[in-house]
Amino acid sequence: TFDLGAEDGKSRAAIQAKGKGRVYLDFVIQLHRLLTDKYGKRVMFWGDIVLHHPELIPDIPKDMIVLNWDYSAKDRFPQVDPFADSGLEQIICPSTNSYNGVFPRVDDSWANVAHFMRDGRAVGALGMLNTDWGDGGHYNLLGCSYYGYAHGADASGAARPLTRDAFDAILGPVLFGAAGDRAVTAIRTLGRLAGTPKDFHPSGSVTIDLLFNTPMGEDPRVRDLPAELLADFAATGDDAAAVWRAAAAESYEPDALLDMAWAAQAIAYGARKTAFLQEIMDLAESKGGD
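Thresholds applied
Residues numbered from 1 in each chain as written. Predicted model: local features only at pLDDT ≥ 70, side-chain atom pairs only at ≥ 80, totals over all residues. Heavy atoms only, no water. Core = buried A, V, L, I, M, F, W, Y, C linked by side-chain atoms within 4.5 Å. Buried < 20%, exposed > 50% of the residue type's maximum accessible area, 1.4 Å probe, protein only. Helix = DSSP H or I, 4+ residues; strand = E, 2+ residues; numbered from the N terminus. Contact = heavy atoms within 4.5 Å. Salt bridge = Lys/Arg side-chain N within 4 Å of Asp/Glu carboxyl O. Phe/Tyr/Trp six-rings, centres within 6.5 Å; stacked < 30°, edge-to-face > 60°. Axes fitted to C-alpha atoms, helices over the stretch in contact; angles between N-to-C directions. Parallel < 35°, antiparallel > 145°, perpendicular 65-115°, else oblique. Left-handed = near helix turned anticlockwise from the far one by under 90°. Nonpolar A, V, L, I, M, F, W, Y, C, P; charged D, E, K, R; others polar. Pairing = 2+ DSSP bridges. Polar contact = N/O pair within 3.5 Å; in protein donor to acceptor, adjacent residues only side chain to side chain.

Draft legend 1. How the structure looks around the nonpolar core. Among the nonpolar cores identified, the biggest contains 43 residues, and F103, F176 and W244 are the most heavily contacted of them. Listing elements by their share of this core, those giving two or more residues are α5 (106–122), α7 (164–176), α8 (180–194), α9 (207–212), α10 (227–248) and α11 (254–286). Contact partners of F176, with chain neighbours within four places excluded, come to L171, A183, V184, I187, E250, S251, Y252, E253, A256, L257 and M260. In this structure, L4, V43, I57 and M64 belong to the second largest nonpolar core, which totals 17 residues.

Draft legend 2. Local environment of the pattern of salt bridges. Inspection of every chain in the model, using the stated rule, returns 17 salt bridges. Among the ionic pairs, D26 bridges to K18, the shortest N-O distance being 3.0 Å. Look at D26 and you get partly exposed, because its relative accessible area is 22%. For D108, the salt bridge goes to K198, with nearest N and O atoms at 2.6 Å. On the criterion of sequence distance, the pair formed by D108 in helix α5 and K198 in the loop between α8 and α9 is long-range, its members being 90 residues apart.

Draft legend 3. Fine view of the packing of aromatic side chains. In the structure shown here, the tally under the stated rule is ten aromatic pairs. The interplanar angle of 15° and the centroid separation of 4.4 Å between the aromatic rings of F77 and F116 together place this pair among those described as stacked. You can see F77 sitting in the loop between β2 (65–69) and α4 (80–85) and its partner F116 sitting in helix α5, a full 39 residues away along the chain. For the pair F77 and F116, one class covers both residues: buried. Look at Y139 and F212: their rings are 5.2 Å apart centre to centre, the planes differ by 55°, and that puts the pair in the tilted class. Here F212 lies in helix α9 and Y139 lies in the loop between β4 (127–128) and α6 (146–157), a separation of 73 residues in the sequence.

Draft legend 4. Molecular detail of the packing of α7 against α8. At a minimum axis separation of 7 Å, α7 and α8 run at an interaxial angle of 125°. Comparing the axis directions of α7 and α8 gives the class oblique. Crossing handedness for the pair α7 and α8: right-handed. Every residue of α8 that contacts α7 at R164, D165, D168, L171, G172, P173 and F176 is listed here: G180, D181, A183, V184, I187 and R188. Tallied by class, residues from the contact of α7 with α8 come to six nonpolar, two polar and five charged.

Draft legend 5. Layout of the sheet that holds strand β3 (residues 89–93). Sheet architecture is open: four strands sit in the order β1-β2-β3-β4, paired in parallel fashion. Looking along the sheet, the strands with just one partner apiece sit at the ends: β1 (44–46) and β4. Examined bridge by bridge, β3 and β4 share two bridges and lie parallel to one another. Of the residues in β4, the one forming a bridge with I91 is G127.

Draft legend 6. Seen up close, the side chain of R223. If you trace the backbone, R223 turns up in the loop between α9 and α10. Reaching out from R223, the side chain makes a polar contact with the side chain of D282 at a distance of 2.5 Å. Excluding anything up to four places from it in sequence, R223 contacts P215, Q278, M281, D282 and E285.

Draft legend 7. Representation of the packing of α6 against α7 within the structure. Contact pair α6 / α7: the axes reach a minimum separation of 11 Å and the direction vectors enclose 120°. One element, α6, and the other, α7, form an angle in the oblique class. α6 and α7 meet at a crossing whose hand is right-handed. Residue-level inspection shows Y146, Y147, A150 and H151 of α6 in contact with α7, the latter providing R164, F167, D168, L171 and L175. Taken together, the residues that form the contact of α6 with α7 break down as six nonpolar, one polar and two charged.

Draft legend 8. Quick peek at unusual backbone geometry. In this model, T196 is joined to P197 through a cis peptide bond whose omega is -15°. The topology assignment puts P197 in the loop between α8 and α9. A positive phi angle, close to 50°, is found at N100, a residue other than glycine. Along the chain, the position of N100 falls in the loop between β3 and α5.

Draft legend 9. Seen up close, the pairing of β2. β2 sits mainly inside the fold: four of its five residues count as buried. Taken together, the three bridges between β1 and β2 define a ladder with parallel strand orientation. Pairing of F45 across the sheet is with V66, part of β2. In this structure, β2 lies alongside β3, joined through five bridges in parallel fashion. Bridged to W69 within β3 is C93.

What follows is the structure, encoded as structure tokens:
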């Protein structure tokens, strides 16, 4: 799809003649014919591109399954309606909101999963594909997403999905053992903080900038991160790491807890590193440094 409309793209002439949406859909239909007629397969496809060209949705073969994805923490997901109205089956694809972050943004993930699946159920969606992307090398470790995996299972499989407090009360001891309540509280505390500030990263979390960027780096906003926020990240990361390491000894999922502890320590380290380098730059500037 990156070739569509590019100056030197192979499809440029066709796009100028038929439009980007039509060229895209024609190609999808070619793949559909190949996979169904020759190999007897049923085809799924990501639905986001065609949503930009809703007039083409009626032309999609009716045996295709739409993977309808959106990872935002919205109250409503009206994009389920165009596919349902056209008689297409769809699978709802929310996210653990772990991508581009060291720890999941669990508040965003909860709203995304719960509301998207609710709206999908209302139009008869087939089910859920709960995504857990690993952009940039997958430094968001597997265990950090267990909370999101479990919520996705409940939201898609239960006749009446649990409220968040009820979910937490069950998940803690079932997944993490005797210290499960403290482990889940730490997940929610660090996960809420991982989603702030909301407008810092266009598709992810400031936690990756704390760890991999510096106040002297390419993004000048790292220089201006508030000292109070950095101190909060450091203290919350330390506290969460201690809880998860202690819980791992008697947990059913020690590796998941150790993954989370690593992430918490990485965030705390990144926050302290950032704060230290801010102080160095303040000192240099006060001395007339460049």
